[in-house]
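Summary of the model geometry
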Amino acid sequence: PFDVVKTRRQMVIGQAETTTMTSTIESCNHLGLKEVGQHTNQCRFSGNNMNNASSSSSLGTFGHMQQIMQQEGIAGLWKGNVTRMVKVAPACAIMISCYEFGKRMFGEVL
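Residues numbered from 1 in each chain as written. Predicted model: local features only at pLDDT ≥ 70, side-chain atom pairs only at ≥ 80, totals over all residues. Heavy atoms only, no water.

Structural notes on the overall build of the protein
Across its full length, the protein holds five helices and zero strands. Across the protein, helices and strands are ordered from the amino to the carboxyl terminus as α-α-α-α-α. For the protein, the proportion of its 110 residues judged to be buried stands at 15%. Of the contacts made within the protein by residues no fewer than 6 positions apart, 70% connect residues no fewer than 24 positions apart. A total accessible area of about 8,700 Å² is found for the protein, and carbon and sulfur atoms account for 63% of it. (Helix = DSSP H or I, 4+ residues; strand = E, 2+ residues; numbered from the N terminus. Buried < 20%, exposed > 50% of the residue type's maximum accessible area, 1.4 Å probe, protein only. Contact = heavy atoms within 4.5 Å. Areas by Shrake-Rupley, 256 points an atom, 1.4 Å probe, with all protein chains shown as cover.)

Here is the structure:
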């Protein structure tokens, strides 16, 4: 469930940054590199979408969990769990195997 919350928070912030950047680029008419320097004071990120992202991230982890449970039920916290396990299980197996191998190998040397 914590991984779902982390992923959703990252998506909200990423979407807000992309939307803000796109709207700023579209509102600017840079015809050449020399003009970019002249427009820097006029062309700033509005931050409207970033405010939405920061207010959404101000909920905190448990606030987001509560929001997901209200909107999608308890099953919403477990979305994508199988996919995550398919990714994480082999990585953990490799890490533990390498640790054990290294411990045996270097334990004899040291």
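With respect to the nonpolar core
Val4, Val5, Met65, Ile68 and Leu77 form the largest nonpolar core, which has five residues in total. Secondary structure elements with two or more residues in this core: α1 (2-27) and α4 (60-72). Every residue in contact with Leu77, bar those within four places of it in the chain, is listed here: Pro1, Val4, Met65, Ile68 and Met69. (Core = buried A, V, L, I, M, F, W, Y, C linked by side-chain atoms within 4.5 Å.)

Some remarks on a nonpolar patch on the surface
Residues Phe101, Met105, Phe106 and Val109 make up a contiguous nonpolar surface patch of about 470 Å² in total accessible area. With respect to the secondary-structure elements, Phe101 resides in helix α5 (residues 81-109). (Patch = residues over 30% accessible without salt bridge, like charges linked within 9 Å, V, L, I, M, F, W, Y side chains within 5 Å. Salt bridge = Lys/Arg side-chain N within 4 Å of Asp/Glu carboxyl O.)

Topic: the confidence of the model for the protein
With 61% of its residues at a pLDDT of 70 or more, the protein shows a mean pLDDT of 74. Of all helices and strands in the protein, the one with the weakest mean pLDDT is helix α2 (residues 33-39) (47), whereas α5 scores best (92). In the predicted structure, residues 31-53 sits below a pLDDT of 50 and forms 23 contacts with residues beyond four places in sequence or in another chain. (pLDDT = per-residue confidence, 0-100.)

What about the packing of aromatic side chains?
For the structure on display, the rule yields one aromatic pair. Centroid distance Phe2 to Phe62: 6.2 Å. Interplanar angle 85°. Geometry classified as edge-to-face. Of this pair, Phe2 sits in helix α1 while Phe62 sits in helix α4; the two residues are 60 residues apart in sequence, bridging distant segments of the chain. Both residues of the pair, Phe2 and Phe62, count as exposed. (Phe/Tyr/Trp six-rings, centres within 6.5 Å; stacked < 30°, edge-to-face > 60°.)

Quick notes on the pattern of salt bridges
For the structure on display, the rule yields five salt bridges. One salt bridge connects Glu72 with Arg8, and the closest N-O pair in it is separated by 2.8 Å. Remark: Arg8 occurs in helix α1 and Glu72 occurs in helix α4; sequence separation between them is 64 residues. With a shortest N-O distance of 3.6 Å, Lys103 and Glu100 are connected by a salt bridge. Taken as a pair, Lys103 and Glu100 lie in helix α5 at a separation of three residues, close to a single helical turn. By relative accessible area, Glu100 is classed as partly exposed at 28%. One salt-bridge network, held together by shared partners, links Asp3, Lys6 and Arg84.

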